[in-house]
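# Architecture and fold: a report
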Amino acid sequence: MDKSSSPFKIEAASWRDVGELRTLEQECFGQDAWPFIELLAALTFPGLVRLKAVVDGHLVGFVGGDAERENNLGWITTIGVFAAWRRQGIGSSLLNAAEVAMNQPKVRLCVRKSNAGAVDLYLREGYKPVDLWKSYYVGGEDALVMEKVRD
Ligand SMILES: CC(C)(COP(=O)(O)OP(=O)(O)OC[C@H]1O[C@@H](n2cnc3c(N)ncnc32)[C@H](O)[C@@H]1OP(=O)(O)O)[C@@H](O)C(=O)NCCC(=O)NCCS
């Protein structure tokens, strides 16, 4: 894939993306990667938001969202971009598209405290730390819970 001539598009994802999504999850999250069955659920369960960034017909990034409508709250459940495609605005575009698709006044997500790049992205996109979940991740690292109040 030629990066210089291939702007990305954001599209709805489906079960057909499960193979590429699995590869993405492994690259992005390693020990935290969702098992196959959870990926399939994210791509098929009714009511969930599932969007992919596409270049030349290939998935280069993915975001999942789950809106708790009774609480007026949307959750970003996963977001990742292949390393070769990072720092080109794909992550922020996926995040913004999921916020719009969930259409809730508040959006939350959680992130490893040490994941400085992702925390930087979220701060830049208007998220603020609101909670800390102790020992949430494999290996015992805390999760920083961040929230954005949408205009
Ligand atoms: C986090 C992630 C999705 C960002 O995707 P991306 O396509 O690189 O994001 P963008 O290009 O939209 O980045 C926008 C801004 O976020 C910040 N940012 C993103 N990655 C960063 C990094 N590694 N270091 C510092 N700042 C970073 C910067 O402010 C960046 O703007 P800049 O490139 O002009 O400096 C991507 O790095 C990724 O997939 N990481 C592995 C999986 C992961 O950690 N997911 C988040 C779990 S909560």
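Here we summarise the structure given alongside this text. If you're wondering where the values come from, they're calculated on a predicted model, not measured in any experiment.

### Re the site of the ligand
Of all residues adjacent to the ligand, which total 21 residues, the nearest are Val81, Gly91, Ser92, Asn115 and Arg124. In the model, an oxygen atom of the ligand is placed 2.8 Å from a nitrogen or oxygen of the Val81 main chain. Isolated, the ligand exposes 900 Å² of accessible area, and the fraction of that covered by the protein chains is 78%. Applying the majority rule of atoms within 2 Å of the grid points places the ligand in the largest pocket. Of all the secondary-structure elements, those providing two or more residues to the shell around the ligand are helix 1 (18-29), strand 4 (73-81), helix 3 (90-102), strand 5 (106-112) and helix 4 (116-124).

### Topic: helix 4
The complete set of buried residues in helix 4 reads Ala118, Val119 and Tyr122. An end-on view of helix 4 places all buried positions within 100° of arc, on one side of the element. Residues of helix 4 that are exposed and point more than 90 degrees away from the buried face comprise Ala116, Gly117, Asp120 and Arg124. Buried residues in helix 4 make contact with strand 4, helix 3, strand 5 and strand 7 (143-149). One or two steps after helix 4, the chain reaches Gly126, where phi turns positive at roughly 100°.

### Looking at the nonpolar core
Ile76, Tyr122, Tyr127 and Met146 are the most contacted members of the largest nonpolar core, which has 34 residues in total. In this structure Ile76 touches Val63, Gly64, Gly65, Leu95, Ala98, Met102, Val107, Arg108, Leu109 and Tyr127, once residues within four positions along its chain are discounted.

### Looking at the layout of surface pockets
Taken as a whole, the largest pocket holds about 1,300 Å³ of empty space. Surrounding the largest pocket, 36 residues form its lining, Phe29, Ile79, Asn115, Ala118 and Tyr122 being those nearest its centre. Only helix 1, strand 4, helix 3, strand 5 and helix 4 provide two or more residues apiece to the lining of the largest pocket. Per element, the largest residue contribution to the lining of the largest pocket is seven residues, and it comes from strand 4. The class makeup of the residues in the lining of the largest pocket is 19 nonpolar, nine polar and eight charged.

### Details of the sheet that holds strand 5
Read across the sheet, seven strands follow the order 1-2-3-4-5-7-6 without closing on themselves; strand pairing throughout is mixed. Each having just a single partner strand, strand 1 (9-12) and strand 6 (128-133) make up the two edges of the open sheet. Adjacent strand axes in the sheet meet at a mean angle of 30°, parallel and antiparallel pairs treated alike. Examined bridge by bridge, strand 4 and strand 5 share three bridges and lie parallel to one another. Note on strand 5: the bridge partner recorded for Leu73 is Lys106. Contacts from helix 4 reach strand 4, strand 5, strand 6 and strand 7 within the one sheet, and its direction differs from that of strand 5 by about 160°.

### So, the packing of aromatic side chains
This model, assessed by the stated rule, comprises four aromatic pairs. Consider the rings of Tyr136 and Tyr137, whose centres lie 4.9 Å apart with planes at 85°: the pair is edge-to-face. On the basis of relative accessibility, which here comes to 16%, the residue Tyr137 falls in the buried class. Within the aromatic cluster, the residues linked to one another by ring pairs are Trp75, Trp133, Tyr136 and Tyr137.

Here is what the cut-offs are and how they apply
Chains are numbered independently. Their residues run from 1 in the order of the written sequence. Totals for whole chains, interfaces and linings use every residue, but because this is a predicted model, local features are given only for residues with pLDDT of at least 70 and side-chain atom pairs only at 80 or more, for both listing and counting. Hydrogen atoms and water are omitted, and side-chain values are computed over all heavy atoms in the structure. Whether a residue is near a molecule or strand depends on its heavy atoms: if one lies within 4 Å, it is near. Definition of a polar contact: a pair of N or O atoms within 3.5 Å, with one able to donate and the other able to accept a hydrogen when the atoms are protein atoms, and with sequence-neighbouring residues admitted only if both atoms are side-chain atoms. To measure how exposed things are, a 1.4 Å probe is used in the Shrake-Rupley method; for residues, cover is taken only from the protein chains shown. Cavities and pockets were defined on a 1 Å grid built from protein atoms only: a cavity is a group of points that admits a 1.4 Å probe but offers it no way out, a pocket is an open group of points flanked by protein on both sides within 12 Å along at least five of seven lines, and a lining residue is one with an atom within 4 Å of any such point. Each molecule is checked against the cavity or pocket grid, and it sits inside if more than half of its atoms lie within 2 Å of the grid points. Secondary structure elements are taken from DSSP: a helix is a run of H or I of four residues or more, a strand is a run of E of two residues or more, and numbering for both begins at the N terminus. When a residue's accessible area, from a 1.4 Å probe over protein chains only, is under 20% of the maximum for its type it is buried; when over 50% it is exposed; and in between it is partly exposed. The reported arc concerns the directions from the helix axis to the C-beta atoms and nothing else. Throughout, a residue-residue contact means that at least one pair of heavy atoms, one from each residue, lies within 4.5 Å. Among buried residues, the Ala, Val, Leu, Ile, Met, Phe, Trp, Tyr and Cys ones that are joined through side-chain atoms within 4.5 Å form a nonpolar core. Grid points are joined across faces, edges and corners, and a volume is the space filled by probe spheres set on the points. Under this grouping Gly is polar, as are all residues other than the nonpolar Ala, Val, Leu, Ile, Met, Phe, Trp, Tyr, Cys and Pro and the charged Asp, Glu, Lys and Arg. In this scheme, strands are said to pair when DSSP sees at least two bridges between them. Between the N-to-C directions of two axes lies an angle of 0 to 180 degrees, each axis being a line fitted to C-alpha atoms and, for a helix, fitted only over the stretch in contact. Any two of the Phe, Tyr and Trp rings considered here, Trp counted by its six-membered ring, make a pair once their centres fall within 6.5 Å; the pair's planes then place it as stacked at under 30 degrees, edge-to-face at over 60, or tilted in between.

Just distances and angles here, no functional claims.
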